[in-house]
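Observations on chain architecture
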Amino acid sequence: MAPITRICEVAGAKLNLALHVRGRRPDGFHDLDSVFAFCVDGDELYVEPADTLSLAIAGPFAAGLSTGEDNLVLRAARALHQAWDRDEPARRVMDQAMGVPRGARITLVKHLPPASGIGGGSADAAATLRALTALWDLPDDLQVLHRIAASLGSDVAPCLMGQPLHVQGRGDEFVFLHDRAYHHWPVLLVNPGVPLGTGTVFANWDGVDHGPIDEPARFEAVARGGRNDLAAPAIVAVPLIADVLDALLGHDPVLVRMSGSGATCFALFASAAQRDTAAAAIRAAQPGWWILATRLT
Ligand code: C5P
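The rules we used
Residues numbered from 1 in each chain as written. Predicted model: local features only at pLDDT ≥ 70, side-chain atom pairs only at ≥ 80, totals over all residues. Heavy atoms only, no water. 1 Å grid on protein atoms, 1.4 Å probe; cavity = no way out; pocket = protein on both sides within 12 Å on 5 of 7 lines; lining within 4 Å. Points joined across faces, edges and corners; volume = space filled by probe spheres on them. Helix = DSSP H or I, 4+ residues; strand = E, 2+ residues; numbered from the N terminus. Nonpolar A, V, L, I, M, F, W, Y, C, P; charged D, E, K, R; others polar. Disulfide = S-S within 2.5 Å. Buried < 20%, exposed > 50% of the residue type's maximum accessible area, 1.4 Å probe, protein only. Salt bridge = Lys/Arg side-chain N within 4 Å of Asp/Glu carboxyl O. Arc of directions from axis to C-beta. Contact = heavy atoms within 4.5 Å. Expected span 1.5 Å × (residues − 1). Near = heavy atom within 4 Å. Polar contact = N/O pair within 3.5 Å; in protein donor to acceptor, adjacent residues only side chain to side chain. Areas by Shrake-Rupley, 256 points an atom, 1.4 Å probe, with all protein chains shown as cover. Sits in = over half its atoms within 2 Å of the grid points.

A look at the layout of surface pockets
To find leftover empty space, one rolls a probe the size of a water molecule over the atoms. Volume-wise, the largest pocket comes out at about 900 Å³. With four residues, the single largest contributor to the lining of the largest pocket is helix α3 (residues 120–135). Looking at the lining of the largest pocket residue by residue, the classes come out as 17 nonpolar, 20 polar and six charged. Its volume calculated, the second largest pocket comes out at about 280 Å³. Considering the residues around the second largest pocket, the lining is formed by twelve residues, among which Pro3, Ile4, Met98, Gly99 and Val100 are closest to the centre. Here the lining of the second largest pocket is composed, by residue class, of ten nonpolar, one polar and one charged.

Below is the structure:
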């Protein structure tokens, strides 16, 4: 088999089609009831064989991001390395014999705005776990990957799956959703250009449980009866979010909602043409806003 020269993974943007906050937990996190869906577009992650681990960040949102050990991509890489004990002498000999690299040159091309409720950092970490599992020729053991993912952040494990999920607990318990209506929607993502810290928005949640998602298995029910309970505290912090929601509502979408802790909002449309018309109009009216026209997986 020819040696691997480069692997590319897309870290697709994560959307919360509904995000119901059920209560504060003793560990400081919140219990969630959420439906996650993923976009076909997002950040790009490239890994190439190398003796040591390194990270470079490029792309429109590279500025200000750390390439140090605190970066979730490097933390994911180190956690995967440790999980399979790749410094263990027997493994070292085996890797050498098979020509498997022990490090990786990682390049992250950052297309998604950071701190924007669409799981950028989590999706990047999940993409790192997938890409390095292939590069280092590790067993594709979902249990191990899930454990590492959950240790890195609340929604890294769902991002590893990259398909529609009903998510509960802190964000790391999930089941797959099989309703075909969850897939392929043309979608527009809009962010007013203001980063918003997840912790701050959760801390300002009003503490009222408005109930679970009634029928998470059915797209129709989630679209009709779902909410984002973090929208109200996010709008208090960034009032522009209400303008983004209004702008999207003006184009006859199937569903409009804020994602995660904001500030990115999204709209699903019945056709790609409708989505593109909305994108052009919003872009013309608000040239400073970030806009991504894409579709669900
Ligand atoms: O797990 P993650 O690092 O993504 O979470 C970021 C912050 O968001 C946490 O420190 C916590 O303040 C808040 N959070 C929460 N409840 C969750 C997920 C996140 O309160 N279920």
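Additional details are given in the paragraphs that follow.
A word on the state of the cysteines
All told, the structure shown has zero disulfides when counted by the stated rule. Cys159 supplies the cysteine sulfur nearest to Cys8, a cysteine that is in no disulfide, at a spacing of 16 Å. Cysteine Cys265 shares no disulfide, and the gap to the nearest cysteine sulfur, in Cys39, comes to 13 Å.

A closer look at the environment of Ala281
Mapped onto the secondary structure, Ala281 falls in helix α10 (residues 272–285). The exposure class assigned to Ala281 is partly exposed, which follows from its relative accessible area of 34%. The sequence separation of Ala281 and Leu249 amounts to 32 residues, and the corresponding C-alpha distance is 12 Å.

Notes on the pattern of salt bridges
Across all of its chains, the model carries 13 salt bridges by this definition. Ionic pairing is found between Asp209 and Arg22, a salt bridge with its closest N-O pair at 2.7 Å. Residue Asp209 is found in the loop between α6 (198–203) and α7 (219–225), and its partner Arg22 is found in strand β1 (residues 7–24); the two are separated by 187 residues along the sequence. Arg22 gets classed as partly exposed once you look at its relative accessible area, which sits at 31%. For Asp276, the salt bridge is made with Arg275, and the minimal N-O distance between the two is 3.0 Å. Residue Arg275 is classed as buried on the basis of its relative accessible area of 12%. Salt bridges sharing partners connect three or more residues here, namely Arg25, Asp27 and Asp31.

Regarding helix α9 (residues 240–249)
An α-helical turn contains 3.6 residues, so any two residues separated by three or four positions project in the same direction. Three or more residues of α9 are buried, namely Ile241, Val244, Leu245 and Leu248. For α9, the buried positions fall inside an angular range of 95° around the axis, keeping them on one side. On its buried side, α9 packs onto β7 (186–191), α8 (231–237), β8 (255–258), β9 (265–268) and α10.

Considering α10
Between the first and last C-alpha of α10 there are 20 Å, a value that for 14 residues agrees with the 20 Å anticipated at 1.5 Å per step. Taken residue by residue, α10 has Arg275, Ala278, Ala279 and Ile282 as its buried positions. With its buried residues spanning 105° around the axis, α10 presents them on a single face. Turned more than 90 degrees away from the buried face of α10 sit Ala273, Thr277 and Ala284, all of them exposed.

Comments concerning the site of the ligand
Neighbouring residues of the ligand: Gly28, Phe29, His30, Leu32, Gly153, Ser154, Arg170, Thr198, Gly199 and Phe202. Take His30: an N or O atom from its side chain is 2.7 Å from an oxygen atom of the ligand. Within the backbone of Arg170, one N or O atom sits 2.7 Å away from a nitrogen atom of the ligand. When the free accessible area of the ligand is taken as 450 Å², the share hidden by the protein chains comes to 70%. Here the ligand is seated within the largest pocket. For the shell around the ligand, the secondary structure elements donating two or more residues are β2 (30–50) and α6. Class assignment of the residues belonging to the shell around the ligand gives a composition of three nonpolar, six polar and one charged.

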